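Chain by chain, the residues:
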Amino acid sequence: MSAEWTNIHIMECEDEVGHAVTVFRQSDGTHQRYVLGNGRKVEANADGTFVIPESATELRVMGI
């Protein structure tokens with residue numbers, strides 16, 4: 001059975017070269033995750049930035 005993920009926050013971010021990227025904070029009622037619009041997982045850093053694990057691309061939040 002697959003989880004139903006609900007968007008909690010939608011964050012407009014910017015990568016290192018200035019491209020806009022949208023990150024979604026989602027919850028299934030028990031767990032939370034951060035993903036891109038295509039469902040690709042991103043990791044949250046303690047300083048409020050995100051990293052796309054496969055490419056080590058850092059994303060900075062520009063707006064919520």
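Refer to the preceding data block for the structure.
Residues numbered from 1 in each chain as written. Predicted model: local features only at pLDDT ≥ 70, side-chain atom pairs only at ≥ 80, totals over all residues. Heavy atoms only, no water.

1. Structural notes on the pairing of strand β6 (residues 57–63)
Moving on, step 1. Pairing of strand β1 (residues 6–14) with β6, which is carried by three bridges, proceeds in the antiparallel orientation. Following the sheet pairing, Cys13 is matched in β6 by Val61. (Pairing = 2+ DSSP bridges. Helix = DSSP H or I, 4+ residues; strand = E, 2+ residues; numbered from the N terminus.)

2. Structural notes on the nonpolar core
Moving on, step 1. Counting nine residues, the largest nonpolar core consists of Met11, Cys13, Val21, Val23, Leu36, Val42, Phe50, Ile52 and Leu59.
Moving on, step 2. Those elements that provide at least two residues to this core are β1, β2 (20–27) and β5 (50–52).
Moving on, step 3. When sequence neighbours within four positions are dropped, the list of residues in contact with Cys13 reads His19, Ala20, Val21, Val23, Phe50, Leu59, Arg60, Val61 and Met62. (Core = buried A, V, L, I, M, F, W, Y, C linked by side-chain atoms within 4.5 Å. Buried < 20%, exposed > 50% of the residue type's maximum accessible area, 1.4 Å probe, protein only. Contact = heavy atoms within 4.5 Å.)

3. Structural notes on unusual backbone geometry
Moving on, step 1. For Ala56, which is not a glycine, the phi torsion comes out positive at approximately 60°.
Moving on, step 2. Within the fold, Ala56 resides in the loop between β5 and β6.

4. Observations regarding the sheet that holds strand β3 (residues 32–36)
Moving on, step 1. Read from one edge to the other, the open sheet built from six strands follows the order β3-β2-β1-β6-β5-β4, with strand pairing classed as antiparallel. The open sheet terminates on both sides in strands that have one partner only, identified here as β3 and β4 (43–44).
Moving on, step 2. Sheet topology places β2 next to β3; five bridges connect them, and they run antiparallel. Within β3, the residue paired with Phe24 across the bridge is Val35.

5. Here we look at the packing of aromatic side chains
Moving on, step 1. Under the defined criterion, the tally for this structure stands at one aromatic pair.
Moving on, step 2. Relative to Phe50, the ring of Tyr34 has its centre 5.0 Å away and its plane inclined at 55°; by these criteria the two rings are tilted. Of the two residues, Tyr34 is situated in strand β3 and Phe50 in strand β5; the sequence distance between them amounts to 16 residues.
Moving on, step 3. Residue Phe50 is classed as buried on the basis of its relative accessible area, which comes to 4%. (Phe/Tyr/Trp six-rings, centres within 6.5 Å; stacked < 30°, edge-to-face > 60°.)

6. Focus: the side chain of Asp15
Moving on, step 1. Secondary-structure assignment places Asp15 in the loop between β1 and β2.
Moving on, step 2. Buried within the structure, Asp15 lacks any salt-bridge partner; its nearest side chain of opposite charge belongs to Arg60, at an N-O separation of 6.3 Å.
Moving on, step 3. Within the structure, Asp15 has its side chain in polar contact with the backbone nitrogen of Val17 (distance 3.1 Å).
Moving on, step 4. Within the structure, the side chain of Asp15 is placed 2.8 Å from the backbone nitrogen of His19, a separation counted as a polar contact.
Moving on, step 5. Here Asp15 is in contact with Thr57, Glu58, Leu59 and Arg60, once residues within four sequence places are set aside. (Lys, Arg positive; Asp, Glu negative; His and termini not counted. Salt bridge = Lys/Arg side-chain N within 4 Å of Asp/Glu carboxyl O. Polar contact = N/O pair within 3.5 Å; in protein donor to acceptor, adjacent residues only side chain to side chain.)

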